[in-house]
Amino acid sequence: MAVKAGVISDTHGLLRPQVLDVLASCDCIVHAGDFDTLRVYDALKAVAPLYAVRGNNDGDWAAEMPLSLSFRLEGVAFFMTHDRKRIPEDLAGAHIAVYGHSHRYSEQETDGRLLLNPGGCGRRRFSLELSMAVLWIDGGSFRLEKVALD
């Protein structure tokens, strides 16, 4: 069964209508941290199952949220953390590593793995582009699409 995952980060207390429009068609949401508010976290959980890690701006309300998370979707292994500096050298079986923090979209293939930063999709940082990503995952393979929100 194919899975469509919305991959976002750095919402910083703001859920843009364009982001919610994309997420409404997704089977799950992958959020690489910096929700900033419990309100945003709860709103996303109401849209679809949520895989999430805590970002550097997530306060006491997120104390129980993990700093990193490993999970599988349709045979594809993920590792997620907020800051790329926290991605271990040895990703032991992970196919995709998701991170955020910089608010800059990046997709990079390294040692057969995809390193993905969906960029920021909440409050704009400086003049950086607003973006997110969508992953279609089926039978251990995946297809990635960048979604520019500007």
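Look up: the structure comes first, before these words.
Residues numbered from 1 in each chain as written. Predicted model: local features only at pLDDT ≥ 70, side-chain atom pairs only at ≥ 80, totals over all residues. Heavy atoms only, no water.

**Q** Before we go on, may I ask you to explain the overall build of the protein in this structure?
**A** From N to C terminus, the protein includes two helices and ten strands. Taken from N to C terminus, the helices and strands of the protein fall in the order β-α-β-α-β-β-β-β-β-β-β-β. Its C-alpha atoms give the protein a radius of gyration of 14 Å, near enough to 15 Å, the size a compact globule of 150 residues would have. The principal-axis extents of the C-alpha atoms in the protein amount to approximately 35 × 30 × 30 Å. Residues classed as buried in the protein amount to 49% of the 150 residues present. In the protein, the proportion of contacts linking residues at least 24 apart, taken out of those at least 6 apart, comes to 42%. Summed over all atoms, the accessible surface of the protein reaches about 7200 Å², with 48% contributed by carbon and sulfur. (Helix = DSSP H or I, 4+ residues; strand = E, 2+ residues; numbered from the N terminus. Rg over C-alpha atoms; globule rule 2.2 N^0.38 Å. Buried < 20%, exposed > 50% of the residue type's maximum accessible area, 1.4 Å probe, protein only. Contact = heavy atoms within 4.5 Å. Areas by Shrake-Rupley, 256 points an atom, 1.4 Å probe, with all protein chains shown as cover.)

**Q** So what exactly am I meant to see when it comes to the sheet that holds strand S7 (residues 106–110) here?
**A** In any sheet, the strands associate via hydrogen bonds between backbone groups, in a parallel or an antiparallel arrangement. Spatially, S4-S5-S6-S8-S7 is the arrangement adopted by the five strands of the open sheet, whose pairing is mixed. Both edges of this open sheet fall to strand S4 (68–73) and S7, since each of them pairs with a single strand only. Pairwise comparison of adjacent strand axes, ignoring direction, gives a mean angle of 20° for this sheet. Sheet analysis places strand S6 (residues 96–98) next to strand S8 (residues 113–117), joined by three bridges and oriented parallel. Paired with Ile96 across the two strands is Leu114, which belongs to S8. (Pairing = 2+ DSSP bridges. Axes fitted to C-alpha atoms, helices over the stretch in contact; angles between N-to-C directions.)

**Q** Please explain the pairing of strand S5 (residues 76–81) as it appears in this structure.
**A** Both faces of the sheet carry side chains from a regular strand, because those side chains alternate between them. Within S5, six of the six residues are buried, which leaves it mostly tucked inside the rest of the structure. Burial along S5 is two-sided: Val76, Phe78 and Met80 facing one way and Ala77, Phe79 and Thr81 facing the other are all buried. Here S4 runs beside S5; their pairing, made up of six bridges, is antiparallel. Within S5, the residue paired with Ser68 across the bridge is Thr81.

**Q** Just checking my understanding: could you explain the pattern of salt bridges for this structure?
**A** In total, this model carries one salt bridge according to the counting rule given. The closest approach of N and O atoms between Glu129 and Lys146, which form a salt bridge, is 2.9 Å. Here the residue Glu129 occupies a position in the loop between S8 and strand S9 (131–138), and Lys146 occupies one in strand S10 (residues 141–148), the gap between them amounting to 17 residues. For Lys146, a relative accessible area of 35% gives the class partly exposed. (Salt bridge = Lys/Arg side-chain N within 4 Å of Asp/Glu carboxyl O.)

**Q** In this structure, what is going on with the packing of aromatic side chains? I would like to understand it.
**A** Two descriptors summarise a pair of aromatic rings, namely the distance from one centre to the other and the angle between the planes of the rings. Evaluated as defined, the whole model comprises five aromatic pairs. Summarising the aromatic geometry, the rings of Tyr41 and Trp61 are spaced 5.8 Å apart at their centres and angled 50° between planes, so their arrangement reads as tilted. Here Trp61 lies in the loop between strand S3 (50–52) and S4 and Tyr41 lies in helix H2 (residues 38–47), a separation of 20 residues in the sequence. Centre to centre, the rings of Phe71 and Phe78 are 4.8 Å apart; their planes meet at 5°, and the pair counts as stacked. Look at Phe71 and you get buried, because its relative accessible area is 9%. Put simply, the rings of Phe35, Tyr41 and Trp61 pair up and form one aromatic cluster. One residue, Arg143, lies across the ring of Trp136, its end atom 4.1 Å from the ring centre. (Phe/Tyr/Trp six-rings, centres within 6.5 Å; stacked < 30°, edge-to-face > 60°. Lys NZ or Arg CZ within 6 Å of the ring centre and 35° of its normal.)

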